[in-house]
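# A closer look at the structure
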Amino acid sequence: MLKRLLLALASASLLLINGVHAAENPDADLVLLTENFPPYNMAKNGKNFAQDENINGIAVDIVREMFKRADITYSLTLRFPWERIYKLALEKPGYGVFVMARLPDREKLFKWVGPIGPDDWIMLAKADSKISLETLEDARKYKIGAYKGDAIAETLAKQGLKPIVVLRDQDNAKKLVSGQIDLWATGDPAGRYLARQDGVTGLKTVLRFNSAELYLALNKDVPDETVAKLQAALDQLRKDGVVDEIMGRYL
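Parameters and conventions
Residues numbered from 1 in each chain as written. Predicted model: local features only at pLDDT ≥ 70, side-chain atom pairs only at ≥ 80, totals over all residues. Heavy atoms only, no water. Helix = DSSP H or I, 4+ residues; strand = E, 2+ residues; numbered from the N terminus. Buried < 20%, exposed > 50% of the residue type's maximum accessible area, 1.4 Å probe, protein only. Contact = heavy atoms within 4.5 Å. Polar contact = N/O pair within 3.5 Å; in protein donor to acceptor, adjacent residues only side chain to side chain. Phe/Tyr/Trp six-rings, centres within 6.5 Å; stacked < 30°, edge-to-face > 60°. Lys NZ or Arg CZ within 6 Å of the ring centre and 35° of its normal. Pairing = 2+ DSSP bridges. Axes fitted to C-alpha atoms, helices over the stretch in contact; angles between N-to-C directions. Parallel < 35°, antiparallel > 145°, perpendicular 65-115°, else oblique. Left-handed = near helix turned anticlockwise from the far one by under 90°. Nonpolar A, V, L, I, M, F, W, Y, C, P; charged D, E, K, R; others polar.

Further remarks concern the overall build of the chain. Across its full length, the chain holds eight helices and eleven strands. Classification of the 251 residues of the chain by burial places 49% in the buried group.

With that settled, the discussion passes to the environment of P115. Within the secondary structure, P115 sits in strand β7 (residues 110-125). By relative accessible area, P115 is classed as partly exposed at 25%. On a C-alpha basis, the gap between P115 and D235 in space is 9.2 Å, while along the polypeptide they are 120 residues apart. Contacts of P115, omitting those with residues within four sequence positions, involve E213, L214, Y215, L234 and R238.

Relative to the helices and strands, N219 resides in strand β11 (residues 204-219). Polar side-chain contacts of N219 include one of 3.0 Å to the backbone oxygen of A89. Setting aside chain neighbours within four positions, we find N219 in contact with A89, L90, E91, K92, P93, G94, Y95 and K111.

What characterises a pair of aromatic rings is the spacing of the ring centres plus the angle enclosed by the ring planes. If you walk through the whole model with that rule in mind, you get seven aromatic pairs. Their ring planes at 50 degrees and their centres at 6.2 Å tell us that W82 and Y86 sit as a pair that is tilted. Residue W82 and its partner Y86 are both found in helix α3 (residues 82-91); the two are separated by four residues, about one turn of the helix. With relative accessibility at 6%, the residue W82 sits in the buried group. Through successive ring pairs, a cluster of aromatic residues spans W82, Y86, F110, W112 and Y215. Here the guanidinium or amino end of R102 rests over the ring plane of Y215, the centre of that ring lying 5.0 Å away.

Before going further, it helps to examine the pairing of strand β10 (residues 183-188). In terms of burial, β10 is largely enclosed, as six of its six residues are buried. The sheet contact formed by β7 and β10 spans five bridges and is antiparallel. Residue pairing for β10: M123 is matched across the bridge by A185. Pairing between strand β8 (residues 144-147) and β10: two bridges, direction parallel. Across the sheet, G145 pairs through a bridge with W184, a residue of β10.

To describe two helices that pack against each other, one gives the angle between their axes and the distance between the axes. Running from amino to carboxyl end, helix α2 (residues 58-70) crosses helix α8 (residues 242-250) at an angle of 150 degrees, the nearest separation of the two axes being 9 Å. When the interaxial angle is binned, α2 and α8 end up roughly antiparallel. As α2 packs across α8, the resulting crossing turns out to be right-handed. Across the interface between the two elements, I58, D61, I62, E65 and R69 of α2 pack against V242, V243, I246, M247, R249 and Y250 of α8. Looking at the contact of α2 with α8, its residues break down into seven nonpolar, no polar and four charged.

With that settled, the discussion passes to the pairing of β8. Residues I144 and A146 point to one face of β8 and G145 and Y147 to the other, with burial holding for every one of them. Here β8 runs beside strand β9 (residues 164-166); their pairing, made up of three bridges, is parallel. Residue Y147 lies in a different strand from β9, and its bridge partner there is V166.

What follows is about the packing of α2 against helix α7 (residues 224-239). One way to put it is that α2 packs onto α7 with a least axis distance of 8 Å and a crossing angle of 115 degrees. Judged by the sense of rotation from one axis to the other, the crossing of α2 with α7 is right-handed. Residues I62, E65, M66, F67, R69 and A70 of α2 lie in contact with α7, whose contacting residues are K229, L230, A233, L234, Q236 and L237. Tallied by class, the residues present in the contact of α2 with α7 amount to eight nonpolar, one polar and three charged.

This is how it looks when you write it as structure tokens:
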């Protein structure tokens with residue numbers, strides 16, 4: 001009896017796993033993964049899972065138009081957390097993830113298409129905060145909130161600033177207002193957009209410490225021809241003014 005029960009549970013688990021992969025991997029040239037990272041990528045229902053037309057945002061709209069012009073088919077899934085989809089794109093042929101900062105230690109891990117948009121790194125403080133920063137080193141004595149697995153958090157950790165990380169970057173907005181953290185290390189425009197969505201306004205930038213560009217990162221097994229087609233399509237979109245037009249819809 002117990003053996004039959006265990007076999008049944010194992011079969012159900014296998015079906016569930018296969019169902020998840022089938023949802024992510026239909027008959028398409030590439031499987032694209034993203035996360036909730038407003039205003040670049042967002043689930044329309046605000047949840048941490050969405051597929052295809054139920055996802056929007058600056059990067060999503062740009063990627064859709066880019067793949068259309070390149071005549072390459074794809075599936076699109078928004079999942080959580082970031083570390084999971086990063087690992088899938090890193091390890092699975094035919095997978096890609098966006099948007100991702102193109103950092104030196106990531107350069108050889110993926111093939112890149114972009115840039116899709118900017119992502120300046122900033123330190124935000126409450127409107128009435130007396131904190132004044134000239135350099136990143138000046139922030140060392142404060143409690144800094146950041147987003148787990150994000151390039152900003154990883155960079156701060158490497159420099160010994162020991163950020164306090166959360167699973168959702170928007171949670172840092174209320175932590176900042178409530179005094180649980182002194183500074184919020186986030187992206188611009190993403191941080192301000194997330195704060196507004198949670199009803200937090202009036203935050204001020206006390207330091208702008210890096211300028212990054214965001215990309216579509218593709219698994220290294222994706223053919224160079226595919227990467228070149230996508231890059232050419234994106235370059236033409238930018239030349240035609242389509243990228244600026246899409247950004248204007250959200251900002």
